[in-house]
Each structure stands twice: as C-alpha cells, then as structure tokens.
Amino acid sequence: MNRRSAEESIFKGLMGLSFLAILAALATIVGTVVWKGLPAMNWDMLTKTPSGGFYLGGSGGVLNAIVGSLYLAGGATVASSCLALPIVLGLNVYARRASRLVTFTRFSMDVLAGVPSIVFGAVGYVLMVALGLKASLLAGIIAVALLILPIMIKAMDEVVRLVPQEMAEASAALGATRLETAFLVVARQALPGLATAVLIAFGRGVGDAASVLFTAGFTDNIPDSLMSPAATLPLAVFFQLGSNLPEVQERAYAAALILMAMILIVSLVTRELSRRLSRHNVR
Amino acid sequence: MPEPSTTHISVRNLSVHYGGQPALKNVSVNIPDRKITAVLGPSGCGKTTFLRCLNRLVDTVDGVSVSGQVLVDGEDLFDPAAEVTHIRKKMGLLSQRPYPLPMSIYDNVAYGPRIHGQSDRGELDALVEHHLKLAGLWDEVKGRLRAPATSLSIGQQQRLCLARGLAVGPEIILADEPTSALDPISSAHIEGKFKELRDQYTIVIVTHILRQARRLADYVIFMYMGELVEHGPAAEVFNAPREKQTREYISGVIS
C-alpha cells in the first residue's frame, strides 16, 4: 500500500513540475518579448510605414507588415476554407465511412500537416514561377493557403466526425438530400468547431515566416493589389533581428509583440464566437 | 375478430447482407394500412434492419447488399429509379434516442416543410403549431419556440422528434424502440400518442418490450435470427402462437 501511495505522490509531483514548466515557458516568451519590445513600442510602430532609414534606426513603423500579414493570412484563410469545407463534408457525409479514398485523404493530411513550412515556401516558389507570377501578395497567399489547408482540414474533420451519425440520419429520414443534411445539420452542429478551425489556421498562417520568404517578397509599402509584393510581420521580425543596431533589434521585439497581440485577439474572438455559436448545439 | 384491412407496405423476398453476413433472410410480409404493427424479437434478430429497409436508411451502411422488394402504394422502394428523398418524405422516423437537430424547437419542426419547399411564414407557423399539438407538446413549449431543442427534457425531445416527423406529412410512422431511453411517464405519453395516431397513420414499431407490444399492436411480426418466424393479428400471435420459437419468446423462455 505504501508503494502505491508513493507512486501516486511521485506522479502528482511530476504533474506539478510539468505544469510549472509550461507556465515558465509561456512567461519567458511573453516576458522577453514585452521586456525587449515595449521600449521600442510607440504609436508610430502601429500607424506608419517605414521611412527611408527605418532599418538603420530612422523613423516610421511596421504598418506595412501589419496590413500585409492581415491581407496574406486573411486571403489564405478564405482560400483554404473554400477547399477545406467541401473536402471535410465530403469525407463525412458523402463518402463511405471506411472507403480507401477517405483513409488515404486523412493519411495525406496527417503527412502534409507535418511538412515544414519552408517546404511549402519552396513549392510555392516553384508554383509561382510556373504560373509566371512574381513575388507578390497572390503568390504568398497561395503558399500560405497550401500550408494551412491540411491544418484546417484536420481541425474541421475532427469536429465534423463528432457529429452523431443518427443526427444526419434524422435529417435524411425527413427527406433531406445529402447536401441539405451536410450544410443545414452537420455543418451547423459543428459550427463552433469549424469557426475554431478557421481561426486556428489563420493564426498559423499569420505567424509563419518561411512560407512567405520567397513568395510574398518584402516591401515598405502597403500592398495595393494582389500582384504587388507584401511585407509580413514574421519577416519584419526576422530582418530587424538580424541588424547589429540595438534600437532596430528592439523594434524586432516590438513587431513580435504586435504579432503576439494579434494572435491573442484572434484566440479570444474564437473562444467567444464558438461559445455563442454553440447555443443550439446538441450535446 | 377485426376485419382484415388493406395492405400498405408489401415486403417481398427481402434479404439483407452486411459485408456477406446475412441480416435478413428472405422476408415476405404485408403490413396493414392504418394499424399499429409491432416487430418483435430478441436482440440481433434483424428487426432494426427490417425497419431501416422501409425507409432505405439501410443504404447508409458500408458494404450492404439488399435484394427483394418493398412496395409502398405499389411503388418499389428499391427500384433504382425510385427517388429516395420522395420515399423518405412519406415516412416519419422515431429512433431509440431522440436526436433533435441543432436548432430551435420551432426550426426542428419547420425543417422538413422547409426543405420540401415551404417558405411562407404564416403557413410554417400553422404547420409547426398543428404538429406540436398533434405530438402533445404544444402547451409545454408554446412560450419558448425559439429556445434550443436541447433545452427540452428527453421525453419532450422524443415528442419533438415525433412532431418533426409528422410535419413532412407522412403516411407511415416508423419507430425503432422509441421509448427505450425514456422514463415511464414519457413512455406512456408516446404510447398514448401512437394510440391516437393509429387511425390516421400506418405505424410500424420495433420493440423488445413484449408488454408494450401487447398494449399497442394490432398486428405482430415475430423475427428470430434474421428470419420472419410468424406474423398475424396481435390476438392470434399472442394467444395462439403457431411456432415454437414464438411460444418460447412470449412465455419468456427466450428473450
């Protein structure tokens, strides 16, 4: 009996330590970014584009990268949602449950979700050249869409799979077509999860540097069309961090702070949204 | 002895295999019009499969093969040209547990009429009220039609599912052990509704509760191991079963 209660205590201690380790990691990241970034944080950072000597410590801000990142991640999220929803509803409402196509698709998504984002950047670059595009917002959107598509599909698939088969049958038994069942019942029941999946994918897209390194280009201007290059916050962090001027390095942390704040806002919106959307959910 | 009624659903040589395993073996039976038919039998006898053939929900199972015919108003459900949404519109389904749709009480009942093309607000209001009354739920929900269906108790949810099924204007009600998840009072409520509806609808109820079948059934089908063993008017099957297995089931030797 003594040994068993000792095991219990040891495991409790282990859980406590792991918990602390996670908290410490979070605190270190947030703390470092805030501590190093806050001094360089000012209204200009949020509202101005870089002036001529910005990367040598001149005046200006990272509005170009904020807007660029929002356009890029927003466009990529819309594009991949348009593909993800039909695929996920197809897998769960139309296809036979254990068919090879379904198994193969799920396996492919697992593989793709594990591919490093630099590979998506490289593939996006090849695709861009093949399509005759230059480094631009559009090319960046394509690369980021490819990157976040498997993540979005996996997240959506997980929630749609949880919709009880009997609920879809109840709809079918009333004479609904599969399309009506898919959109009016299955997607509706899964709506909070679908919204979360979309925003998770957005968060992943907005924070990724490698996929846009070759595809989106970098510019001090706010992109005015799909064909113009676009700056992004992760690259703004990357370039400024590489500087040997301390005030420019500080600005890198300020840009990271902005990025983290954006992701935090998206997460909070997601939670609130899925809470509201789940009012009618059947549990 | 009640006069023999007309046939509503005619099942002919119906066999079902799941991935090669037989679930129904060559079942032929006529289900009478506007009566309650109880499908009885021990677990795994094929009674749920039988019911799911009547509205072709059996199609949704992987690796299923069906042979034979099910004629409703002379139309073969398994005819490749038959339109499955049209068939299902003729039948309301009650499952073992109520599965309300993820929407309000009102929208649950209005769902069927809406997908079949009814968009007039006044007509929908009238349909919803009428069918909630028919299912005996109106007085309990009339003040909160916009509330989520899941805010209802499970017994109320089952009556909501009944109202939802009735709202598409079916001729037939299929019920698969509809009271098995309900408390005795809710069960009695559902049974009471079936008795009220028996004059207007053909009701097929799968049950393993013998006493429920005795209370409700006009006609009884007894199945065992995928085969139809015996069928006939309830009084005959219960009081003078012809087959040994039926006698054993009714006397409680097998269950």
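Remember, it's a predicted structure, so these values are computed and weren't measured experimentally.

> Explanation requested: the overall build of chain A in the structure shown.
Counting its secondary structure elements, chain A contains 12 helices and zero strands. Secondary structure elements of chain A, listed N to C terminal, follow the sequence α-α-α-α-α-α-α-α-α-α-α-α. Counting only C-alpha atoms and orienting by the principal axes, one finds that chain A spans roughly 70 × 65 × 35 Å. Residues classed as buried in chain A amount to 41% of the 283 residues present. Residue pairs at least 24 apart in sequence account for 75% of intrachain contacts in chain A once pairs closer than 6 positions are excluded.

> I tried to follow the confidence of the model for chain A on my own but got confused; where do I start?
As a general rule, the predicted coordinates of low-pLDDT regions are not to be interpreted in detail. Overall, the prediction assigns chain A a mean pLDDT of 92, with 100% of residues at 70 or greater. Helix H6 (residues 137-161) of chain A holds the highest mean pLDDT among the elements of chain A, 96, whereas helix H2 (residues 43-47) of chain A holds the lowest, 89.

> Teacher, can you tell me more about the domain arrangement of chain B here?
When the parts of a complex come together, some accessible area is lost, and that lost area is often used as the size of the interface. All names here are of chain B. When the domains of chain B are assigned, the result is domain 1 (1-85 + 172-181 + 192-255) and domain 2 (99-169). Spacing between the C-alpha centres of domain 1 and domain 2 amounts to 27 Å. In this complex, domain 1 contributes four residues to the contact, which on the side of domain 2 involves six residues. Partitioned by chemical class, the residues of the side of domain 1 that touches domain 2 number three nonpolar, no polar and one charged.

> I keep staring at the interface of chain B and chain A and nothing clicks. Help me out?
Contacts between the two partners involve 24 residues from chain B, matched on the other side by 24 residues from chain A. Secondary structure elements with two or more residues in the side of chain B that touches chain A: helix H2 (84-89), helix H3 (105-115) and helix H6 (154-166) of chain B. Taken together, the residues of the side of chain B that touches chain A break down into 11 nonpolar, nine polar and four charged.

Criteria and thresholds
Numbers given for residues are sequential positions, taken from 1 along each chain in its written order. Think of it this way: whatever chain is written first is A, whatever ligand is written first is 1, and the rest follow in order. Local features in this predicted model are restricted to residues whose pLDDT is 70 or higher, and side-chain atom pairs enter the listing and the counts only when it is 80 or higher, whereas totals over whole chains, interfaces and linings include all residues. Labels follow the DSSP assignment, with helices taken as runs of H or I lasting at least four residues and strands as runs of E lasting at least two, numbered in each case from the N terminus. Once C-beta atoms are placed from the backbone, each residue is buried if 20 or more other C-beta atoms lie within 10 Å of its own, exposed if 12 or fewer, and partly exposed for counts between those two. C-beta atoms are placed from the backbone for every residue, and two residues are taken to be in contact when these atoms lie within 7 Å. Summary of the metric used: pLDDT quantifies the predictor's per-residue confidence within the range 0 to 100. Marked domain ranges trace back to an automatic or database domain assignment. Lys, Arg, Asp and Glu make up the charged group, whereas Ala, Val, Leu, Ile, Met, Phe, Trp, Tyr, Cys and Pro make up the nonpolar group; the residues left over, Gly among them, are polar.

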